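Now for the letters of each chain:
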Amino acid sequence: MVRIDDVSKVYRTGGEQVRALDGVTLEVGAGEFTAVQGPSGCGKTTLLLAVGGLLEPDHGRVLVDDEDVYALPLERRAQFRALKIGFVFQQFHLVPYLSVRDNVLAPTLALPCAGVDAHARVDALLEKFKLTSRAAHTPGELSTGERQRVALARAMLHEPRVILADEPTGNLDEINAATVLGALADFAEDGGTVLLVTHDSAAASEADRIIRIDGGRLVDDRDEGSRQDGQAAG
Amino acid sequence: MSVFRLSIQEIVHRKLSFMLGLLSVMIAVGVLVGAVTMLSGHDLRTEQLVAQKEAQTREEMARMEDDYRRIMKDMGYNVLVLHGDQSLEELQRLGYPTHYMPEDYAQRLADEKVASLNHLLPLLQERVSWPEMEREVLLTGVRGQVPIYEGMKSKRPPIMDPVEDGEIKLGSDLAEELGVSEGDMVTMRGRDLLVREVYERRGTQDDVTSWVSLRQAQEWMGREGQINGILALECICSADEIGSIEEHVRAIIPDAQVYEFSSLIVARGLARQRAAEAHETAIEQEMHYRAGLREERRAFASVLVPVAAVGAGAWVMFLMLANVRERRAEIGILRAIGVSGRKIHSAFLLKAALMGIAGGVAGLIAGVIGGAWLSEVPPGAEGFATLIDVRLLVAALIGAPLLAAVASWLPARNAARQDPALVLQEE
């Protein structure tokens, strides 16, 4: 589903060069819930943005659903993102003046929902994330947990193939974090691909697979078995 | 979700920013529309004032005409019918005619109904000696007005009473020199006469003239049945029509001529002319003043309008740049979820266009009212409706959103080109 092939990315600030990704090669299949861990500044978010088609690598290729993301022209790439990729961020990034319903509907600005009434789909998502009663509220009137659920609902509107989540539980209490992680796990179970960047070991433990990045390099890659072993050992 | 809905929601959320932009567009459009309306109103007001002054002039001229008729009635005669051989130079020099005509000429003129002549008064005038007073005096014999055939003439009463036999009337200076006053008895050429009236000072030859009955004068002068002039009062003509009167008179009395006896006709004509000129000058001065005022207003507007337009454009651009900065995170996430740069661009332009339309409508209303008020043709006044220019309305409604969109173009492009990865990494 997601294939990262020898991807490198260097940031140039002033005279300095920072190698955020250094020859990373990785493949994440459909239905796989993968956590990405590593110290701050190791390249986790860069990896996420590169997979999301938002940050073109200096070297290597990124394939999502067998499509070379950066071979697409900008407009097509934007459509591809709308259709195939959902984003969830630690800061939620909801549009402050739109209601919950309209925030969930926001992806239809890019593309209409294919073969389904967008409003019916929104209703279903609001129901799923227990937000029906908050549909008319704006983000400022919601709790942090509710905001993140709105962000999740928005990410899932177009039934993407991949969800990229960057510290989605970073601002949440345990209950809300469990809800979000449960939703991501459900998405993976339904055949989607989840790439979760997190510092939180508890959150990572919900994943089928954990990879570690350090200094822009992939230094560890453990599969479901390893996670379950770890849980058993813990 | 549509770009329109997104824009409306954003406008409702950030009302102040939108209102400030709207206000600047409103000012720019208001200044433009106000300037054009003010100049149109100024022209309209000028037309109204000139028409008003012209009407006043006509009214005053009519009133003046009437005044002059009344003044001339009190002061004397208009034209003098003389013998054809009378030298005008001699008349001027001596102050009285020296050629004589039969007295019945006056009646002939009256009977022939000369339309332009009124109030015919035959007279006999000479300088005669007044032995009792040891001096000469200008003596005028009058018999009063010759009745004119009433079919064509007004039926107003005669305007000059005759002097009765045994009476005399004196000019003010003459009476003073003689030391006599009304009611006194004087002796003239051996006959006692009652001083019936001493005229008030007129500042003319009349002040040194004495009047007796025509019969008495004819007797003293040895001119029985003769006169040397026929005065006509309230001649219905102007100074340049004397020739036509003479033509009419000569058709009846071939050996007569018409002399403009006093300068009153000319004075009247001149006064009318000068009054008309004064009014014309006043109108011209008013128009000149208003043309100057218009030019000042036009010059002021020609500076103010572009300044307001550029100012509004700059202000809208500034507000939109601030708006782009404020919505940086929002733009980042919208781009991330697949909204194209073109749609982001159009969202900002749509907002600017809405700002322009609302500001344009508000500016149009404010401009029309303000401009009309400044040009003294306020709403409800006569001609106000003509100040509303449909072409200007259309131009303002197209121009205002265009101005706002042009001013927002760069900020909108910046928003569209914003790198979502940078924004998301900043968080």
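Residues numbered from 1 in each chain as written. Chains lettered and ligands numbered in written order. Predicted model: local features only at pLDDT ≥ 70, side-chain atom pairs only at ≥ 80, totals over all residues.

1. Considerations on the overall build of chain B
Turning to step 1, where the next piece is worked out: Secondary structure summary: chain B contains 12 helices and 11 strands in total.
Turning to step 2, where the next piece is worked out: The 427 residues of chain B split such that 36% are buried.
Turning to step 3, where the next piece is worked out: Summarising the internal contacts of chain B: among those between residues at least 6 apart in sequence, 82% fall at separations of at least 24. (Helix = DSSP H or I, 4+ residues; strand = E, 2+ residues; numbered from the N terminus. Buried ≥ 20, exposed ≤ 12 C-beta atoms within 10 Å, placed from the backbone. Contact = placed C-beta atoms within 7 Å.)

2. Looking at the overall build of chain A
Turning to step 1, where the next piece is worked out: Within chain A one finds eight helices and 10 strands.
Turning to step 2, where the next piece is worked out: Counting only residues that meet the buried cut, chain A has 49% of its 234 residues in that class.
Turning to step 3, where the next piece is worked out: Of all intrachain contacts in chain A linking residues separated by at least 6 positions in sequence, the fraction that spans at least 24 positions is 69%.

3. Observations regarding the pairing of strand β10 (residues 229-232) of chain B
All names here are of chain B.
Turning to step 1, where the next piece is worked out: Side chains Gly229 and Leu231 project from β10 onto one buried face, and the interleaved Ile230 and Ala232 project onto a second face that is buried too.
Turning to step 2, where the next piece is worked out: Where strand β1 (residues 79-83) lies against β10, three bridges are found, and the strand directions are antiparallel. Across the sheet, valine 81 pairs through a bridge with isoleucine 230, a residue of β10.
Turning to step 3, where the next piece is worked out: Here strand β3 (residues 120-130) pairs with β10 via four bridges, running antiparallel. Looking at β10, one finds that leucine 120 is bridged to alanine 232. (Pairing = 2+ DSSP bridges.)

4. Quick notes on the packing of helix α10 (residues 341-374) of chain B against helix α11 (residues 390-416) of chain B
All names here are of chain B.
Turning to step 1, where the next piece is worked out: It is at 7 Å that the axes of α10 and α11 come closest, and there the two elements cross at 150 degrees. Taken together, the axes of α10 and α11 lie roughly antiparallel to each other. Taken as a pair, α10 and α11 cross one another with a handedness that is right-handed.
Turning to step 2, where the next piece is worked out: Of the residues contributing to the contact of α10 with α11, the split by class is 22 nonpolar, seven polar and two charged. (Axes fitted to C-alpha atoms, helices over the stretch in contact; angles between N-to-C directions. Parallel < 35°, antiparallel > 145°, perpendicular 65-115°, else oblique. Left-handed = near helix turned anticlockwise from the far one by under 90°. Nonpolar A, V, L, I, M, F, W, Y, C, P; charged D, E, K, R; others polar.)

5. What about the packing of helix α5 (residues 144-156) of chain A against helix α6 (residues 174-189) of chain A?
Helix-helix packing is characterised by the crossing angle of the two axes and by the distance between the axes.
Residue and element names in this part refer to chain A.
Turning to step 1, where the next piece is worked out: Closest axis-to-axis distance for the α5/α6 pair is 9 Å, and the angle between their directions is 15 degrees. When the interaxial angle is binned, α5 and α6 end up roughly parallel. Judged by the sense of rotation from one axis to the other, the crossing of α5 with α6 is right-handed. Here Thr144, Gly145, Gln148, Arg149, Leu152 and Met156 of α5 lie close against α6, whose contacting residues are Asn176, Thr179, Val180, Ala183 and Phe187.

6. Observations concerning the interface of chain B and chain A
Turning to step 1, where the next piece is worked out: Residue-level contacts link 21 residues of chain B with 25 residues of chain A.
Turning to step 2, where the next piece is worked out: Secondary structure elements with two or more residues in the side of chain B that touches chain A: α1 (3-13), α9 (328-336) and α12 (420-426) of chain B.
Turning to step 3, where the next piece is worked out: Residues of the side of chain B that touches chain A, tallied by class, amount to 12 nonpolar, five polar and four charged.

7. Remarks on the nonpolar core
Turning to step 1, where the next piece is worked out: The biggest cluster of nonpolar side chains holds 128 residues, and the ones touching the most others in it are Val51(A), Ala153(A), Leu184(A), Leu195(A), Leu196(A), Val25(B) and Ala28(B).
Turning to step 2, where the next piece is worked out: The element contributing the most residues to this core is helix α2 (residues 15-75) of chain B, with 14 residues.
Turning to step 3, where the next piece is worked out: Apart from residues lying up to four places away in sequence, Leu184(A) is in contact with Phe33(A), Ile163(A), Ala165(A), Val194(A) and Leu196(A).
Turning to step 4, where the next piece is worked out: Leu124(B), Leu170(B), Val212(B) and Leu233(B) belong to the second-largest nonpolar core, a separate cluster that totals 40 residues. (Core = buried A, V, L, I, M, F, W, Y, C linked by C-beta atoms within 7 Å.)

8. Topic: the sheet that holds strand β4 (residues 59-64) of chain A
Residues and elements named next belong to chain A.
Turning to step 1, where the next piece is worked out: The strand order across the open sheet formed by four strands is β2-β1-β4-β5, and the pairing between neighbours is antiparallel. Looking along the sheet, the strands with just one partner apiece sit at the ends: β2 (16-28) and β5 (67-68).
Turning to step 2, where the next piece is worked out: Alignment of strand β1 (residues 2-13) against β2, held across nine bridges, turns out to be antiparallel. Bridge pairing in β2 links arginine 3 to glutamate 27.

9. Remarks on the sheet that holds strand β6 (residues 85-89) of chain A
Residues and elements named next belong to chain A.
Turning to step 1, where the next piece is worked out: Taken together, six strands build an open sheet; the order of strands is β6-β7-β8-β3-β9-β10 and the sheet is mixed. With one partner strand each, in any of the chains shown, β6 and β10 (217-222) form the two edges of the open sheet. Averaged over all neighbouring strand pairs, the angle between strand axes comes to 20 degrees, with direction disregarded.
Turning to step 2, where the next piece is worked out: In terms of strand pairing, strand β7 (residues 162-166) meets strand β8 (residues 193-197) through five bridges, oriented parallel.

10. Some thoughts on helix α4 (residues 104-111) of chain B
All names here are of chain B.
Turning to step 1, where the next piece is worked out: Those residues of α4 lying buried are Tyr105, Ala106, Leu109 and Ala110. An end-on view of α4 places all buried positions within 140 degrees of arc, on one side of the element.
Turning to step 2, where the next piece is worked out: A positive backbone phi angle near 55 degrees is found at lysine 113, which sits one or two residues after α4. (Arc of directions from axis to C-beta.)

11. A word on the pairing of strand β9 (residues 209-214) of chain A
Residues and elements named next belong to chain A.
Turning to step 1, where the next piece is worked out: Here strand β3 (residues 33-37) runs beside β9; their pairing, made up of four bridges, is parallel. The partner of glutamine 37 across the bridge, within β9, is arginine 212.
Turning to step 2, where the next piece is worked out: Two elements, β9 and β10, share five bridges in a ladder whose sense is antiparallel. Bridged to isoleucine 210 within β10 is arginine 222.
Turning to step 3, where the next piece is worked out: Between β9 and β10, which follow one another and run antiparallel, lie two residues, and glycine 215 among them has a positive phi close to 60 degrees.

12. Observations regarding helix α4 (residues 118-128) of chain A
Residue and element names in this part refer to chain A.
Turning to step 1, where the next piece is worked out: Along α4, the residues that are buried comprise Val122, Leu125 and Leu126. For α4, the buried positions fall inside an angular range of 100 degrees around the axis, keeping them on one side. Across from the buried face of α4, at angles greater than 90 degrees, the exposed residues are Ala120 and Glu127.
Turning to step 2, where the next piece is worked out: Check the buried side of α4 and you find it contacts α3 (100-105) and α5.
Turning to step 3, where the next piece is worked out: Once α4 ends, the next one or two residues include lysine 130, with phi positive near 55 degrees.

13. A closer look at the confidence of the model for chain A
Residues and elements named next belong to chain A.
Turning to step 1, where the next piece is worked out: With 94% of its residues at a pLDDT of at least 70, chain A reaches an overall mean of 88.
Turning to step 2, where the next piece is worked out: The lowest-confidence element of chain A is helix α8 (residues 224-233), averaging 44 in pLDDT; the highest-confidence one is α3, averaging 95.
Turning to step 3, where the next piece is worked out: Scored below 50 in pLDDT, residues 226-234 shows seven contacts in the model against residues more than four places distant or in partner chains. (pLDDT = per-residue confidence, 0-100.)

14. Quick notes on the confidence of the model for chain B
Turning to step 1, where the next piece is worked out: When pLDDT is averaged along chain B, the result is 84, and 88% of the positions lie at 70 or above.
Turning to step 2, where the next piece is worked out: Two summary scores accompany this predicted model of the complex, namely pTM at 0.65 and ipTM at 0.88.

15. Here's the deal with the environment of Glu280(B)
Residue and element names in this part refer to chain B.
Turning to step 1, where the next piece is worked out: Residue placement: glutamate 280 occurs in helix α8 (residues 264-326).
Turning to step 2, where the next piece is worked out: Glutamate 280 gets classed as partly exposed once you count the C-beta atoms within 10 Å, which come to 13.
Turning to step 3, where the next piece is worked out: C-alpha of glutamate 280 to C-alpha of threonine 57: the two residues are 223 residues apart in sequence and 8.6 Å apart in space.

16. Describing unusual backbone geometry
Turning to step 1, where the next piece is worked out: Here Asp6(A), not a glycine, exhibits a phi torsion of approximately 55 degrees, which is positive.
Turning to step 2, where the next piece is worked out: Mapping Asp6(A) onto the fold places it in strand β1.

17. Quick look at the environment of Met188(B)
All names here are of chain B.
Turning to step 1, where the next piece is worked out: Along the chain, methionine 188 turns up in strand β6 (residues 185-188).
Turning to step 2, where the next piece is worked out: A residue is classified by how many C-beta atoms lie within 10 Å of it, and methionine 188, with 20 of them, is buried.
Turning to step 3, where the next piece is worked out: Among residues more than four places away in sequence, those in contact with methionine 188 are Trp130, Glu132, Ile168 and Leu193.

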